[in-house]
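Coordinate analysis (summary)
Below, each chain spelled out in residue letters.
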Amino acid sequence: MNNIDKYSNKLIDCRRKFHMYPEPGWCEFRTTYIIYNKLKELGYELKYGRDIIEESSRHGVPDGKTLQHFAKLALENGVDANFLNEIKDGFTGVVAELNISEGPTVAFRFDIDCVKIKEADDENHRPRQLGFASVNDGYAHSCGHDGHIAIGLTFAEIIANNKHLLKGKIILIFQPAEEGVRGAKAIIDKGILPKIDYMFGGHIGLSTESIGSFSASGSGFLASKKFDVILKGKASHAANSPEKGINALLAANSIISGFYNIPRHSQGLTMINVGVINAGSFRSAIPENAELQAEVRGENNELSSYMYEKAVDIVHNISKAYGCQYKIIEAGSSLSEDCSPELVDMVHNIAEKSGLYNNIYKTRQINGSEDFTYFIKHVKDDGGQAVYMLWGADIKDSFHSSHFDFSEESMVKALTVLCELLKNIFMGG
Ligand SMILES: [Zn+2]
């Protein structure tokens, strides 16, 4: 496990191949198939499909058209039809286990989905220049999860090649639908994970600006809840009989104003956003339907709940005032959880000893949400420890932007840290 460099070309090649075929949350069909085959070849015990995803906890599944679109692309790109059948309704991701002997259970999470954004076309954008830009129009790996998959699969290979040096049980979770914080809870709620002693997650370039920086943990994760509001009114002629209609668009408008008027909380940071509104169908008809996509966040779980409960009250009362029917559909959630301090210390020491980084932090503030927080809570509640690392990566442009890219050397460094962690746990350093 000392010769990581010999894997680095493979690692970079792997990232570029996944980068070309980005798939959004619950549609990672080709991605899941390739991960599955690679891990199978390496001798892991594998679970996937409905065996790892709890359907009732699965939120924010795209509409049938989007699922079908990506299933068709997967078939065209060589995914086995029987395999596809098992996952095509949005049951993506793979959980791999390697049982070596008695000893601790160590788990790693790698997220695998992309972002719905069009990748930049210009020649200055490196993936375009080097010929590995997205071929799935309108979708791009602009959060670096292609790098996470590549790190995960190369790590899986190193583990398999060095099995004789290890003990215990290793679990590799290739998680779907991290964007929109949808996938982690569905895996945990399935109840297939054994008791985990140590669990690791991480992200390329998040809150670590340069390739030389590293943080042993992220902190200040915002608890969040994503939700859709569906309003149903009644259509009528706008001039001839407006009094017979129920205007869902106006109800939506009042709801949005109500949302932004929720008082801030004295106990900490709260946020609310309406990112999408769709309403109406015809210029001279009273709009019958309206739909909002919204989210709340809070510095802790209670503050996020405060915002959500207020938002639900507003939807209920305004809908009633307008005479609209409404439905609120949960679309994703995450928690505010702290990493385990002892494990943070272990990761910090290993990063210091490695000589890979010149700017090493114990923790960096995350200005966002992560559903790895569900894993942190799950593992800690079970008596284990969990940590979320930040791997410096010289990010180009910004996350979720069309020109996003990162230094691929960051993957080699991250992989080295993961190997050092394993050595430390199983071989005492
Ligand atoms: Zn991400």
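What you see is a predicted model, and the numbers here were worked out from it, not measured in a lab.

A closer look at the overall build of the protein chain
Summing up its helical and strand segments, the protein chain has 12 helices and 14 strands in all. By the compact-globule yardstick of 22 Å for 429 residues, the protein chain fits well, its C-alpha radius of gyration being 23 Å. Here the C-alpha coordinates of the protein chain stretch approximately 80 × 50 × 45 Å along the principal axes. The contacts in the protein chain between residues at least 6 apart in sequence include a share of 82% that link residues at least 24 apart.

Some remarks on the packing of helix α8 (residues 248-260) against helix α9 (residues 301-322)
Where α8 meets α9, the axes come as close as 9 Å, and the angle between the chain directions of the two elements is 150 degrees. Where α8 crosses over α9, the two elements pack in a sense that is right-handed. Counted together, Leu250, Ala251, Ser254, Ile255, Gly258 and Phe259 of α8 and Ala311, Ile314, Val315, Ile318, Ser319 and Tyr322 of α9 form the full contact between these two elements.

Things to note about the sheet that holds strand β12 (residues 359-361)
Read from one edge to the other, the open sheet built from 8 strands follows the order β1-β2-β4-β3-β5-β14-β6-β12, with strand pairing classed as mixed. Looking at the sheet topology across the chains shown, the edges are occupied by β1 (45-48) and β12. Averaged over all pairs of adjacent strands, the angle between strand axes in this sheet comes to 15 degrees, irrespective of strand direction. Direction of pairing for strand β3 (residues 105-111) relative to strand β5 (residues 198-204): parallel, over a ladder of 3 bridges. If you follow Val106 over to β5, its bridge partner there is Tyr198.

Here's the deal with the domain arrangement of the protein chain
When the domains of the protein chain are assigned, the result is domain 1 (4-221 + 336-427) and domain 2 (223-334). For domain 1 and domain 2, the distance between their C-alpha centroids amounts to 34 Å. Each partner contributes residues to the interface: domain 1 has 12 residues there, and domain 2 has 12 residues. Taken together, the residues that form the side of domain 1 that touches domain 2 break down as 2 nonpolar, 6 polar and 4 charged.

Concerning the sheet that holds strand β9 (residues 270-279)
What the 4 strands build is an open sheet, ordered β9-β10-β8-β11; its pairing is antiparallel. The open sheet has two edge strands, β9 and β11 (325-334), and neither has a second partner. Each strand of the sheet is rotated relative to its neighbour by a mean of 15 degrees, with strand direction disregarded. Pairing geometry for β9 and strand β10 (residues 289-298), over 9 bridges, is antiparallel. Pairing of Val276 across the sheet is with Gln293, part of β10.

Examining the nonpolar core
Among the nonpolar cores identified, the biggest contains 95 residues, and Val347, Val387 and Leu418 are the most heavily contacted of them. Looking at this core element by element, the count peaks at 9 residues for helix α12 (residues 409-427). Residues in contact with Val347, not counting those within four places in the same chain, are Ala216, Val387, Met389 and Leu421. Ranked by size, the runner-up nonpolar core spans 21 residues in total, among them Leu231, Ala248, Ala251 and Ala311.

What about the pairing of strand β14 (residues 385-391)?
β14 sits mainly inside the fold: 6 of its 7 residues count as buried. As paired strands, β5 and β14 are joined by 7 bridges and run parallel to one another. Paired with Phe200 across the bridge in β14 is Val387. Of the strand pairs in this sheet, strand β6 (residues 213-215) and β14 are connected by 2 bridges, and their pairing is antiparallel. Bridged to Ser215 within β14 is Leu390.

Let's talk about the environment of Ser134
Take Ser134: it is sitting in the loop between α5 (126-129) and α6 (145-161). Distance in space between the C-alpha atoms of Ser134 and Leu390 is 25 Å, their sequence separation being 256 residues. With near-sequence residues (within four places) excluded, Ser134 lies in contact with His19, Met20, Pro22, Glu119, Tyr139 and Ala140.

Section: unusual backbone geometry
For Val181, which is not glycine, the phi torsion reads 45 degrees and is therefore positive. Structurally, Val181 can be placed in the loop between β4 (169-175) and α7 (183-190). You can call Val181 buried: it has 28 C-beta atoms within 10 Å. You will see that Ser207, though not glycine, has its phi angle at about 55 degrees, which is positive.

Here's the deal with the packing of helix α1 (residues 8-20) against α12
For any two helices packed against each other, the geometry comes down to the angle between their axes and how far apart the axes lie. Close contact between α1 and α12 brings their axes to 10 Å; oriented N to C, the two are set at 120 degrees. Of the possible angle classes, the one that applies to α1 and α12 is oblique. α1 and α12 meet at a crossing whose hand is right-handed. On α12, the residues touching Ser8, Leu11 and Arg15 of α1 are Met411, Val412 and Leu415. Each residue belonging to the contact of α1 with α12 can be placed in one class, and the counts come to 4 nonpolar, 1 polar and 1 charged.

Overview of the environment of Gln325
Along the polypeptide, Gln325 turns up in strand β11. For Gln325 and Ala248, which are 77 residues apart along the polypeptide, the C-alpha to C-alpha distance reads 8.9 Å.

About the criteria used
Residues numbered from 1 in each chain as written. Predicted model: local features only at pLDDT ≥ 70, side-chain atom pairs only at ≥ 80, totals over all residues. Helix = DSSP H or I, 4+ residues; strand = E, 2+ residues; numbered from the N terminus. Rg over C-alpha atoms; globule rule 2.2 N^0.38 Å. Contact = placed C-beta atoms within 7 Å. Axes fitted to C-alpha atoms, helices over the stretch in contact; angles between N-to-C directions. Left-handed = near helix turned anticlockwise from the far one by under 90°. Pairing = 2+ DSSP bridges. Domains from an automatic or database assignment. Nonpolar A, V, L, I, M, F, W, Y, C, P; charged D, E, K, R; others polar. Core = buried A, V, L, I, M, F, W, Y, C linked by C-beta atoms within 7 Å. Buried ≥ 20, exposed ≤ 12 C-beta atoms within 10 Å, placed from the backbone. Parallel < 35°, antiparallel > 145°, perpendicular 65-115°, else oblique.

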